[in-house]
Amino acid sequence: MPLNYSKWDKLELSDDSDIESHPNVDKKSLIRWKQRDIHEKRQIRKMRVAQLKADIACNEVLKPRLQQIATDVEAKGASHFSSLVERYRTNPSPEAPPTDAPEQKSYDEMMLSLMLQVWEDAKKKGVEKDDPNLTVALVAGLKEHLVGLDEHQTKMRKELEAEEEEQHKKITMEDIHDGFDNHYVPPKPAPPPVKGAIPAVKPTKTVTEYEVINPKGVGAAPSSEASTSQTAEDDGDELPELTPVLEQFSHLPIRGYEDSWEFIKAHRDVYVPGAADALLVAAFRAQSNGQPRWAQQCVHQSLLLSYCEKLGTDGPSMLFRKLIAGDARATGVFEKDVADTYKHLVERVRISKAEEAAAGGEQIQLVPENPEQSITFNVPDGPPPEKLELEGPGFEGVDIEDVRKALQLRWEVFESFPEAFQKALQSHSLEEVNKVLGAMKVEEAERIVELLQIASILSFADNAIRDETGGGQAGDEDEEMDVEGGQAEAAEVD
């Protein structure tokens, strides 16, 4: 099979080894002269091609203008020709060919030069200003220039084709370009699962057992693995939480399958492990907080993700293709599942609230430190009287106005209590007081106990108070107070 060397025909070498030179001429100098000659000719050809393209483009702009002038002069007469000449001379447009040539003329200046040339040609033919044949002579001159312009355009186009053909005969640096470029773009990493998500496959762990002399002693020693497994179980109790993107996904409309599909394609961190569970947890909380509409949306979006996971690798596209197309079987099964799941969720919320109500929740209770102690209440019968006397040992030097202010504070605090709590205090029964405190919210009960301390309504044998929850456990902290109410009450007289 003959070899084809035609692809080397476009290479032009200035240091060809087959070059023949005169014996008296240095070969290196001859190679440099030839290289310079190649570059000079290439540059001249490049400039000529650019000039021809600019001239052709300029003539393409001038030709329709010249045709319009010839038509208007033929219709309106020589006076229109004179008005155009005057306008081009006094108020020419700055529009010019886009070249970097110095002192580049505008299109109006070119038209003025051409029209003056037409006028001079008419004068040479013996046509004067007042001659009735002036219009005909001017129109003939304009059309003659149009014909010449067309011929010149044709000539320049042929020359341009010849120059470009010669220019492309040899390969130059300007002809070198990237045929293709290959870059490795690593795929985006998969988004992490939702915080608190339960892994689908639990990791296996290899355990190495060692044979020991005293196995009983080793078995009695505390094992660190037990604490590790306990920690892992504790970590598994954490519920999956909604991410900001999942929260946006949960607010999409029900049966808006196309919107959900577009959202999943735009946000990869929606279709991740644990996302469906996080949406169910959000649905439970929304239903508990009195937001049934959002709860239904969360259930709907959660089941969309669950179905995608169950259908395998191509699950999302397969599921949404059927749902968007309105497949009766697919939409019927899915919407029934959504309704049943939401119904089950509503029932679970009802049961949960009933269990919480039965348990009673956290409570504040007044409990003595030991059975020997007793809790009493110094309940005022009314505001302090106008006449107040202090009798008995220990009251020497006590300002009666300070006592009056303390008794007035006690009465104002007592009146600020709810009516049910006032009646419980007046009964002087610790059981009744704890019953009313247990029915209150923790924050309200803590506030009332603090006011009891400030007003010295509580009385303890050892001056101590402890709050306990409904389960019988001690509160977080003990509070100390000094009670002087008993002495003050005893000293009150009418």
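Residues numbered from 1 in each chain as written. Predicted model: local features only at pLDDT ≥ 70, side-chain atom pairs only at ≥ 80, totals over all residues. Heavy atoms only, no water.

### Focus on the overall build of the protein
Secondary structure summary: the protein contains 17 helices and five strands in total. A total of 494 residues make up the protein; the buried ones form 30% of that total. Put simply, of all contacts in the protein between residues at least 6 apart along the chain, 69% involve residues at least 24 apart. When the accessible surface of the protein is split by element, carbon and sulfur atoms take 52% of a total near 33,900 Å². (Helix = DSSP H or I, 4+ residues; strand = E, 2+ residues; numbered from the N terminus. Buried < 20%, exposed > 50% of the residue type's maximum accessible area, 1.4 Å probe, protein only. Contact = heavy atoms within 4.5 Å. Areas by Shrake-Rupley, 256 points an atom, 1.4 Å probe, with all protein chains shown as cover.)

### Some thoughts on the packing of helix α9 (residues 275-288) against helix α10 (residues 292-310)
The geometry of α9 relative to α10 is characterised by a closest axis approach of 8 Å and an angle of 165° between their N-to-C directions. Between α9 and α10, the angle is such that the two are roughly antiparallel. Once α9 is placed against α10, the crossing between them reads as left-handed. Contacts between α9 and α10 pair Ala275, Ala276, Leu279, Leu280, Ala282, Ala283, Ala286 and Gln287 from the former with Pro292, Trp294, Ala295, Cys298, Val299, Gln301, Ser302, Leu305 and Ser306 from the latter. For the contact of α9 with α10, the per-class residue count stands at 13 nonpolar, four polar and no charged. (Axes fitted to C-alpha atoms, helices over the stretch in contact; angles between N-to-C directions. Parallel < 35°, antiparallel > 145°, perpendicular 65-115°, else oblique. Left-handed = near helix turned anticlockwise from the far one by under 90°. Nonpolar A, V, L, I, M, F, W, Y, C, P; charged D, E, K, R; others polar.)

### Side note on the confidence of the model for the protein
Interpreting fine coordinate detail is not advised for predicted regions of low pLDDT. Counting all residues, the mean pLDDT for the protein is 79, and 81% of those residues have values of 70 or more. Long-range and interchain partners of residues 224-236, a stretch whose pLDDT sits below 50, account for one contact in this model, where long-range means more than four residues apart. Confidence over residues 463-494 falls short of pLDDT 50; this stretch has 64 contacts with residues more than four positions distant or in other chains. (pLDDT = per-residue confidence, 0-100.)

### Points about the pattern of salt bridges
For side chains bearing opposite charge, pairing can occur when the charged atoms are close. Inspection of every chain in the model, using the stated rule, returns 19 salt bridges. In this structure, the salt-bridge partner of Glu86 is Arg89, at a minimum N-O distance of 3.6 Å. With Glu86 and Arg89 both in helix α2 (residues 78-90), this residue pair falls three residues apart, about one helical turn. The class of Arg89 is partly exposed, set by a relative accessible area of 47%. In this structure, Asp340 engages Lys336 in a salt bridge whose closest nitrogen and oxygen atoms are separated by 3.0 Å. Of this pair, Asp340 and Lys336 both sit in helix α12 (residues 328-359), four residues apart, roughly one helical turn. (Salt bridge = Lys/Arg side-chain N within 4 Å of Asp/Glu carboxyl O.)

### Quick notes on a nonpolar patch on the surface
A cluster of nonpolar side chains, contributed by Leu3, Tyr5, Trp8, Leu11, Ile171, Met173 and Ile176, occupies part of the molecular surface with about 830 Å² of accessible area. The exposed category is assigned to Leu3, whose relative accessible area is 65%. (Patch = residues over 30% accessible without salt bridge, like charges linked within 9 Å, V, L, I, M, F, W, Y side chains within 5 Å.)

### With respect to the nonpolar core
Membership of the largest hydrophobic core comes to 34 residues, with the highest contact counts inside it found for Phe249, Val270 and Leu305. Looking at this core, the elements that each hand over two or more residues are α7 (244-250), α8 (257-266), α9, α10, α11 (315-325) and α12. Sorting elements by how many residues they give to this core places α10 first, with nine residues. With 25 residues, the next largest nonpolar core counts Val413, Leu425, Val436 and Leu437 among its residues. (Core = buried A, V, L, I, M, F, W, Y, C linked by side-chain atoms within 4.5 Å.)

### Things to note about the packing of aromatic side chains
If you walk through the whole model with that rule in mind, you get six aromatic pairs. Geometrically, the ring pair formed by Trp261 and Phe320 is stacked, given 5.1 Å between the ring centres and 25° between the ring planes. Here the residue Trp261 occupies a position in helix α8, and Phe320 occupies one in helix α11, the gap between them amounting to 59 residues. Under the relative-accessibility criterion, Trp261 is labelled buried at 18%. Taking the relative accessible area as the measure of exposure, Phe320 reaches 1% and is therefore buried. Taken together, the ring pairs in this structure connect Tyr257, Tyr307 and Phe334 into an aromatic cluster. (Phe/Tyr/Trp six-rings, centres within 6.5 Å; stacked < 30°, edge-to-face > 60°.)

### Details of α9
With 14 residues, α9 should cover 20 Å at 1.5 Å per step; its first-to-last C-alpha distance of 20 Å lies within 8% of that length. Listing the buried residues of α9 in full gives Ala275, Ala276, Ala278, Leu279, Val281, Ala282, Ala283, Ala286 and Gln287. Positioned one or two residues after α9, Gly290 has a phi angle of 80°, which is positive. (Expected span 1.5 Å × (residues − 1).)

### Considering the packing of α8 against α10
Viewed as axis vectors pointing N to C, α8 and α10 meet at an angle of 60°, and their least axial separation amounts to 12 Å. By the angle class used here, α8 and α10 are oblique. Of the two elements, α8 crosses α10, and the hand of that crossing is right-handed. Contacts between α8 and α10 pair Tyr257, Ser260 and Ile264 from the former with His300, Gln301, Leu304 and Leu305 from the latter. Among the residues making up the contact of α8 with α10, the classes are represented as four nonpolar, three polar and no charged.

### Observations concerning the environment of Ser427
With respect to the secondary-structure elements, Ser427 resides in the loop between α14 (419-426) and α15 (430-439). In sequence terms Ser427 and Phe377 are 50 residues apart; their C-alpha atoms lie 9.3 Å from each other. Among the polar contacts listed, one links the side chain of Ser427 to the backbone oxygen of Ala424, at a separation of 2.5 Å. (Polar contact = N/O pair within 3.5 Å; in protein donor to acceptor, adjacent residues only side chain to side chain.)

### So, unusual backbone geometry
Its identity as a non-glycine residue notwithstanding, His428 has a phi of 55°, on the positive side. Of note, the phi angle at Ser456 is positive, near 60°, even though the residue is not glycine.

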